[in-house]
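Examining the three-dimensional arrangement
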Amino acid sequence: MSKPVSSSAALPIAYAVLRILIIVNWVSGAAILALLLVLPNREWIMSSLDLSPSPEAERVVMGLRAVGVIGVALVPLYYAGLKRLLAIVETVRTGDPFVAANARRLQGIAWVLLALQLVSLVVGAIEKAISSPAHPVHFDAGFSINGWLAVLLTFLLAHIFAEGARMREELEGTV
């Protein structure tokens, strides 16, 4: 039961943006990994942040490295979410978005968003642990009401898609 494909300009744009974001995600992960493995050593970080050798400086360096490791670890998680979203856009482009597969994809995206919110709390805790009045550190992480609402709405949308797909299958079975 396929419907005509919309002529909206949003679909090709969304498709292109998602493809670009997938590439940017992997390139960013590689850049962070390179920074962790190649460029910064303890002295470089301390001089770039104007830190003098102290226990506080060690805490900052270790915290920044931990955040870098977390950043690399998140690359596959972002990839999983972006690929699912790209697959949903594909079904919209073909005119058949209300299928059970999209409900599963939305639920997968919701789990990715939940994991990202939890990681943001961890990064926010690292920020608080390493920041001081003399050397404030800000990662723009921690609790986000918008992020948690996105998680809830995505789980709800996944459930709505699952119900819609179930109802559609029942309707097609009665015709």
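Before reading further, recall that the structure is shown in the block above.
In this report, the structure presented in the accompanying data block is examined. Computed from a predicted structure; not experimentally measured.

Rules used in this analysis
Residue numbers restart at each chain and count upward from 1, following the sequence in its written direction. The model is predicted, so local features are restricted to residues of pLDDT at least 70 and side-chain atom pairs to those at 80 or more, both for listing and for counting; the totals for chains, interfaces and linings are taken over all residues. Side-chain measures were taken over the full set of non-hydrogen atoms in the model, leaving aside hydrogen atoms and water. Secondary structure elements are defined from DSSP: runs of H or I of at least 4 residues count as helices, runs of E of at least 2 residues count as strands, and each element is numbered from the N terminus. Each radius of gyration is computed over the set of C-alpha atoms, and the globule rule expresses the reference value as 2.2 Å times the number of residues to the power 0.38. The classification of residues rests on relative accessible area computed with a 1.4 Å probe and restricted to protein chains. Under 20% of the type maximum is buried, over 50% is exposed, and intermediate values are partly exposed. When charges are counted, Lys and Arg are positive and Asp and Glu negative, with His and the chain ends excluded. Just so you know, the charge point we use is NZ for Lys, CZ for Arg, CG for Asp and CD for Glu. Between the first and last residue of a helix there are one fewer steps than residues, each counted as 1.5 Å, and that sum is the expected span. Any pair of residues with heavy atoms lying within 4.5 Å of one another is described as a contacting pair.

Attention now goes to the overall build of the protein. Looking only at helices and strands, one finds five helices and zero strands in the protein. Written out in order from the N terminus, the α and β elements of the protein read α-α-α-α-α. For 175 residues, the compact-globule formula gives about 16 Å, and the C-alpha radius of gyration of the protein, at 21 Å, lies well above that figure. Taking the principal axes of the C-alpha coordinates as reference, the protein spans close to 75 × 25 × 25 Å. The buried share of the protein, taken over its 175 residues, is 30%. Computed over 13 positive and 12 negative side-chain charges, the inter-centroid distance for the protein is 6 Å.

This part covers helix α5 (residues 145-174). If you check α5, its first and last C-alpha atoms are 43 Å apart, about what 30 residues at 1.5 Å a residue would give, namely 44 Å. Considered for burial, the residues of α5 that qualify are Gly147, Val151, Thr154, Ala158, Phe161, Ala165 and Arg168. Contacts from the buried residues of α5 go to α4 (100-130).

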